[in-house]
Amino acid sequence: MHRYLGVDTRSRRLLLALAIYVFVGIVYAIVAGKERITEHTSYNHYAHLANAWIHGRQDLVNGAPDYAGGNDFAVFNGKTYISFPPFPAALMAPFVAIAGSPESFQDGQFIIVWLGGVAPALLFLILETLRMTKRSFRSERDNLLLSALFAFGSVYFFTAVEGTVWFAAHVVGTALSAAFLLAALDARFPLLAGIALSAGWMTRPLMLLWSPLFLYELLRHHGRVEDTWPLRHFRRDGALRAFF
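Since the model is a prediction, treat every value here as computed from it, not as a measurement. (Residues numbered from 1 in each chain as written. Predicted model: local features only at pLDDT ≥ 70, side-chain atom pairs only at ≥ 80, totals over all residues. Heavy atoms only, no water.)

Trainee: Describe in detail the packing of helix α2 (residues 10–32) against helix α8 (residues 140–153), supporting the description with residues and values.
Mentor: Relative to each other, α2 and α8 sit at 25°, their axes nearing to 11 Å. As summarised for this structure, α2 and α8 are arranged roughly parallel, according to the angle between their axes. Where α2 crosses over α8, the two elements pack in a sense that is right-handed. Only Glu-140, Leu-144, Ser-147, Ala-151 and Phe-152 of α8 make contact with α2, whose side of the interface consists of Arg-12, Leu-16, Ile-20, Phe-23, Val-24, Val-27 and Tyr-28. Considered class by class, the residues forming the contact of α2 with α8 number 9 nonpolar, 1 polar and 2 charged. (Axes fitted to C-alpha atoms, helices over the stretch in contact; angles between N-to-C directions. Helix = DSSP H or I, 4+ residues; strand = E, 2+ residues; numbered from the N terminus. Parallel < 35°, antiparallel > 145°, perpendicular 65-115°, else oblique. Left-handed = near helix turned anticlockwise from the far one by under 90°. Contact = heavy atoms within 4.5 Å. Nonpolar A, V, L, I, M, F, W, Y, C, P; charged D, E, K, R; others polar.)

The following block contains the structure:
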């Protein structure tokens, strides 16, 4: 057991990240409420886009649903389209196909329960990677606390428990941002970093602004640029303890 749960072991970090993912999902489900978890939301735009693809179309099969109140649809030449970047719909597509229709797919549950905990869990792994590579002076306990503060003490909490179209994209985009950062540190996983960045661009185009970080990490890792990571220049004492 010590081999798997010993201090600073990889398996311990992964198990703690998994615990964060599960705990966050449970709390988000409780806060969101039964209706949001067991039924489709009123703004299940991505599920409708996925359904359009399943039927070989870009426009919505039956037009905009009445329950959405015509909110945030694009109409052109009598056809109705989803105007948001499409990657969240790609994630939903297999499940919409299994469910049979957008109304039979619980899009809120998909975002709130199954995806909501991904970003906080990955954030913990990012912080632990910085600690293990001596670029952060935080302890494991500090990193757990910071992950919890992000999950329950930031606007991400409100965003995740909403689970509808705009907020769903932010949940997916935040998870992809965290995945990119985790893969980009020390340029360890360039393929995964590229996939996360590309998927992020198809979720929230501004995520392309992450790209210089990978170049910096690549050059830094190979000694082509000076390591200027800010935390290396601070000691954990005095007033800086509150920040680092």
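Now, onward.
Trainee: Any chance you could break down the nonpolar core for me, citing the residues and the numbers?
Mentor: Generally speaking, soluble globular proteins have nonpolar side chains that are buried together. Membership of the largest hydrophobic core comes to 58 residues, with the highest contact counts inside it found for Tyr-28, Tyr-46, Met-92, Ile-111, Ile-126 and Phe-180. Tallying contributions element by element places helix α10 (residues 165–184) first for this core, with 12 residues. (Core = buried A, V, L, I, M, F, W, Y, C linked by side-chain atoms within 4.5 Å. Buried < 20%, exposed > 50% of the residue type's maximum accessible area, 1.4 Å probe, protein only.)

Trainee: Let's hear about the packing of helix α6 (residues 107–115) against helix α9 (residues 155–162): which residues, and what values?
Mentor: Orientation of α6 relative to α9, taken along the N-to-C sense of each, is 140°, at an axis distance of 7 Å. Taken together, the axes of α6 and α9 are oblique relative to one another. On α9, the residues touching Ile-111, Ile-112 and Leu-115 of α6 are Tyr-156, Ala-160, Val-161 and Glu-162. Tallied by class, residues from the contact of α6 with α9 come to 6 nonpolar, no polar and 1 charged.

Trainee: Describe helix α12 (residues 211–221), with residues and values.
Mentor: Among all positions in α12, only Leu-213, Phe-214, Glu-217 and Arg-220 are buried. All buried residues of α12 project into a common sector of 130° when viewed along the axis, lining one side. In α12, the exposed positions that point more than 90 degrees away from the buried face belong to Pro-212 and Leu-215. In this structure, the buried side of α12 is in contact with α10 and α11 (190–201). The first or second residue beyond α12 is Gly-223, which carries a positive phi of 75°. (Arc of directions from axis to C-beta.)

Trainee: Tell me about the pattern of salt bridges, residues and numbers included.
Mentor: The tally for this structure, following the rule as stated, stands at 9 salt bridges. Between Arg-135 and Asp-186 there is a salt bridge whose closest N-O contact spans 3.3 Å. Placement of Arg-135 in the loop between α7 (118–132) and α8 and of Asp-186 in the loop between α10 and α11 is noted, with a sequence separation of 51 residues between them. Like Asp-186, Arg-135 is buried. Residues joined by salt bridges that share partners form a network here, namely Arg-135, Asp-186, Glu-217 and Arg-220. (Salt bridge = Lys/Arg side-chain N within 4 Å of Asp/Glu carboxyl O.)

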